Amino acid sequence: MESDSELAEYKIADGVKLHVINETKFKTVRIMVRFREKISEKNLGKRVIISNMLETTNAVYTTGKDFSRKLSSLFGATFTTGVSKKGNQHILSINMNVVNPKFVNFDTLGEAISFLKTALFEPDVTGNAFTPTIFKREQTNLIHYLESMNDDRAYYASRKLANLFFEDKEQALPSVGTVELIERETPEAVFDYYQKLLKNNATDIFVLGDVDEKRVVELFSDFGFTDRTAVSDVFYSQLLTEKVSVLTEKKETAQSLLQLGYHLEVNYGDVDYMALQVMNGLLGGFAHSKLFANVREKASLAYSISSTFDSFSGFFKISAGIDAANFDRAKQLIFDQLLALQKGDFTSHEMEQTKTMLRNTYFVSKDSPSNNIELEFVKALIPERFLTTDRFLSLLTEVSKVDIQRVASHLILQAEYFMEGLILQDMKDDE
């Protein structure tokens with residue numbers, strides 16, 4: 001059985017931890033720095049702009065060409081940034097990937113960490129603000145990106161469902177922000193916040209690869225991180241509501257979209273977490289699932305259909321692309337599939353097939369450096385709940401039919417969004 005990577009954890013400062021993951025099977029070294037704080041509408045747009053600003057220029061490498069040339073000199077190193085959410089927390093990530101110095105006889109690791117330090121602590125600043133021309137460029141790029149995202153029907157529908165489902169409107173905000181949040185920011189306000197972020201955000205640093213731990217610790221200890229309060233509250237939860245929030249909108253599109261949001265009371269690491277994994281796989285997570293086999297394949301009522309869950313925010317979603325004329329039939333058949341799981345209407349073969357798929361997916365993820373770091377990040381957030389490989393596989397094997405029925409029975413519909421597609425002629429007839 002494959003064992004978990006060897007992990008060493010070091011305290012750089014209060015609220016700043018360095019996680020060195022010794023893994024010899026990768027020829028590259030993956031470096032990630034994550035800054036996290038509670039999601040807030042006030043800061044979300046700022047964090048997204050900062051992510052873009054850090055990825056393009058800084059005070060040392062002032063142009064995109066300089067930036068790229070330096071990365072190329074490190075044997076094709078990559079430098080990316082991004083934002084995401086996990087439960088209550090918004091995460092700003094800075095990533096570097098470099099070839100292991102052992103293969104090129106060059107200190108790629110030291111140079112990469114130095115480049116990362118420059119990017120973080122020597123941003124492109126004029127006076128007490130991000131350089132206005134660069135700021136405006138990145139702000140405009142973000143606005144155009146978000147406008148194009150809103151034109152994506154699936155993304156738009158997901159946003160609408162989140163707004164219907166979450167009582168906390170900050171929790172409903174997308175991790176990448178909104179046009180309105182990005183538009184209102186200024187170079188001065190964002191830089192002022194960035195300085196506070198560096199001082200106050202809980203910070204996790206990950207280095208994965210075949211590296212000299214002592215040297216990695218020395219290099220990051222030189223970053224000058226100061227003490228800050230660690231953020232421990234990661235899980236979001238809300239009470240059940242008796243009334244289902246429903247919204248139907250008509251859009252000029254051939255394919256209609258139905259999205260259903262269910263209250264999920266199972267968090268990562270809970271007793272029923274593995275039963276949730278299997279239940280979701282049986283319902284809509286895989287090609288053999290009930291939603292796919294019965295709603296899409298047998299009844300031909302959906303172009304696409306799936307179920308997903310977020311065990312950090314208590315949100316379970318079913319998404320389907322359908323014809324508007326099939327709305328009632330498709331929705332009822334979707335409800336029937338969940339009811340079948342609640343009643344135990346599935347075979348032992350289907351259950352074992354789902355477990356096998358989950359095992360395979362888990363082991364494939366272990367071959368990805370980014371997925372390995374993501375697992376270690378979860379471990380850093382909630383060490384008492386973390387599932388090691390042995391524990392994951394053991395709990396997966398133990399999941400019973402009764403466990404699956406119990407988890408399925410606890411899913412309660414809370415929100416329904418329907419994008420009713422209209423062809424152009426229909427819209428003309430309505431005018």
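Criteria and cut-off values
- Residues numbered from 1 in each chain as written.
- Predicted model: local features only at pLDDT ≥ 70, side-chain atom pairs only at ≥ 80, totals over all residues.
- Heavy atoms only, no water.
- Buried < 20%, exposed > 50% of the residue type's maximum accessible area, 1.4 Å probe, protein only.
- Helix = DSSP H or I, 4+ residues; strand = E, 2+ residues; numbered from the N terminus.
- Pairing = 2+ DSSP bridges.
- 1 Å grid on protein atoms, 1.4 Å probe; cavity = no way out; pocket = protein on both sides within 12 Å on 5 of 7 lines; lining within 4 Å.
- Points joined across faces, edges and corners; volume = space filled by probe spheres on them.
- Nonpolar A, V, L, I, M, F, W, Y, C, P; charged D, E, K, R; others polar.
- Salt bridge = Lys/Arg side-chain N within 4 Å of Asp/Glu carboxyl O.

Visitor: Explain the pairing of strand β3 (residues 28-38) residue by residue, including any values.
Guide: Walk down a regular strand and you will see the side chains alternate between the two sheet faces. Burial within β3 is extensive, with 9 of its 11 residues counted as buried. Both β3 and strand β5 (residues 89-99) contribute to a ladder of 11 bridges, which runs antiparallel. When the sheet's bridge partners are listed, Glu37 is paired in β5 with His90. Note that β3 and strand β8 (residues 202-209) share 7 bridges and pair antiparallel. Bridged to Met32 within β8 is Phe206.

Visitor: Outline empty space enclosed by the protein, listing residues and values.
Guide: In the structure shown here, the tally under the stated rule is 1 cavity of 30 Å³ or more. Roughly 40 Å³ of internal volume is contained in the largest cavity. Lining the largest cavity are His263, Leu264, Glu265, Val266, Asp272, Val407, His410 and Leu411. Class assignment for the residues of the lining of the largest cavity results in 4 nonpolar, 2 polar and 2 charged.

Visitor: Talk me through the pattern of salt bridges; I want residue IDs and the actual numbers.
Guide: Inspection of every chain in the model, using the stated rule, returns 23 salt bridges. Between Arg34 and Glu374 there is a salt bridge, with the nearest N and O atoms lying 3.0 Å from each other. Here Glu374 lies in helix α14 (residues 369-381) and Arg34 lies in strand β3, a separation of 340 residues in the sequence. Judged by its relative accessible area of 7%, Arg34 is buried. Here Glu374 falls in the partly exposed class, since its relative accessible area comes to 27%. Across the pair Lys46 and Glu185 runs a salt bridge whose closest N-O atoms are separated by 3.2 Å. Pair noted here: Lys46 is in helix α1 (residues 41-56) and Glu185 is in the loop between α7 (179-183) and α8 (187-200), with a separation of 139 residues, a long-range link. Each member of the pair, Lys46 together with Glu185, is buried. Among the charged side chains, a salt-bridge network with shared partners connects Arg34, Lys86 and Glu374.

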